[in-house]
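Residue-level structural notes
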Amino acid sequence: MLFAAYGSTLLSNYLWLGVVQRVTASTVTPFMLLLPIFSVILSYLFMGEIPTGLQILAGSVILLGVMVSQNLHLRAYHFLAHALLSKTRRYVIKEN
């Protein structure tokens, strides 16, 4: 158990410092909020712990917050709008 705690701490700090060297800290910092989400997912995968409703709700709020802070919600909206419009155009062209 002690090894897992120290190992994950060392690995996460190593990865964090590697990313910060390549990208600005202000870009990377919001993604640190995703750490609890990954912790719940990994505890489910490796330890068989079932996430509670409150954990799922909190994870959804965290994801929404990161999406808003990084403007991912706008990118997703534009991507979906473009995809839907291009599919609609294909159907219109096929009908003619």
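Starting afresh in each chain, residues are numbered from 1 along the sequence in its written order. The model is predicted, so local features are restricted to residues of pLDDT at least 70 and side-chain atom pairs to those at 80 or more, both for listing and for counting; the totals for chains, interfaces and linings are taken over all residues. Side-chain measures here rest on the full set of heavy atoms in the structure, leaving out hydrogens and waters.

**Concerning the overall build of the protein chain**
Each helix is a run of H or I in the DSSP string that is no shorter than four residues. Each strand is a run of E no shorter than two, and both are numbered from the N terminus. On a plain count of helices and strands, the protein chain comes out with five helices and zero strands. Overall, the protein chain shows an N-to-C arrangement of helices and strands of α-α-α-α-α. Summary of the burial criterion: residues with accessible area below 20% of their type's maximum are buried, those above 50% are exposed, and those between are partly exposed, where the area comes from a 1.4 Å probe applied to protein chains only. Split into buried and exposed, the 96 residues of the protein chain put 10% on the buried side. Carbon and sulfur atoms form 73% of the exposed surface of the protein chain, whose accessible area is close to 8300 Å². Only the protein chains shown count as cover for residues, and all accessible areas are computed by the Shrake-Rupley method using a 1.4 Å probe.

**Points about the confidence of the model for the protein chain**
The pLDDT value tells you how sure the predictor is about a given residue, anywhere from 0 up to 100. Of the residues in the protein chain, 83% reach a pLDDT of 70 or more, and the chain-wide mean stands at 77. Mean pLDDT per element in the protein chain: helix α5 (residues 72-95) is the minimum at 66, and helix α4 (residues 53-69) is the maximum at 89.

**Side note on the environment of Pro36**
Examined against the element boundaries, Pro36 turns out to sit in helix α3 (residues 35-47). When its relative accessible area of 43% is taken as the criterion, Pro36 is described as partly exposed. A sequence separation of 26 residues divides Pro36 from Ile62, and the C-alpha atoms of the two residues are 9.0 Å apart.

**Brief notes about a nonpolar patch on the surface**
Patches here are clusters of residues that have more than 30% relative accessible area and form no salt bridge, with a 9 Å joining cutoff for like charges and a 5 Å cutoff for nonpolar side chains (Val, Leu, Ile, Met, Phe, Trp, Tyr). Here, a salt bridge means any Lys or Arg side-chain nitrogen found within 4 Å of an Asp or Glu carboxyl oxygen. On the surface, Phe38, Ile41, Leu42, Tyr44, Leu45, Phe46, Met47 and Ile50 cluster together to form a nonpolar patch covering roughly 930 Å² of accessible area. Looking at the secondary structure, you find Ile41 in helix α3. We classify Ile41 as partly exposed; its relative accessible area is 41%.

**Looking at the packing of α3 against α4**
At a minimum axis distance of 9 Å, the contact between α3 and α4 shows a crossing angle of 140°. When the interaxial angle is binned, α3 and α4 end up oblique. Our pair here, α3 against α4, has a crossing hand that is left-handed. For the pair α3 and α4, the contacting residues are Pro36, Ile37 and Val40 in the first and Gln55, Gly59, Ile62 and Leu63 in the second. Grouping the constituent residues of the contact of α3 with α4 by class yields five nonpolar, two polar and no charged. Angles shown run from 0 to 180 degrees and are taken between the N-to-C directions of axes, each axis being a line fitted to C-alpha atoms and, for helices, limited to the stretch in contact. When describing relative orientation, an angle under 35 degrees is termed roughly parallel and one over 145 degrees roughly antiparallel, while 65 to 115 degrees is termed roughly perpendicular and anything else oblique. Crossings are classed by handedness, with left-handed meaning an anticlockwise turn of the near helix from the far one by less than a right angle and right-handed meaning a clockwise turn. The contact criterion used throughout is that any non-hydrogen atoms of two residues lie within 4.5 Å. Asp, Glu, Lys and Arg are counted as charged, while Ala, Val, Leu, Ile, Met, Phe, Trp, Tyr, Cys and Pro are counted as nonpolar; the rest, among them Gly, fall into the polar class.

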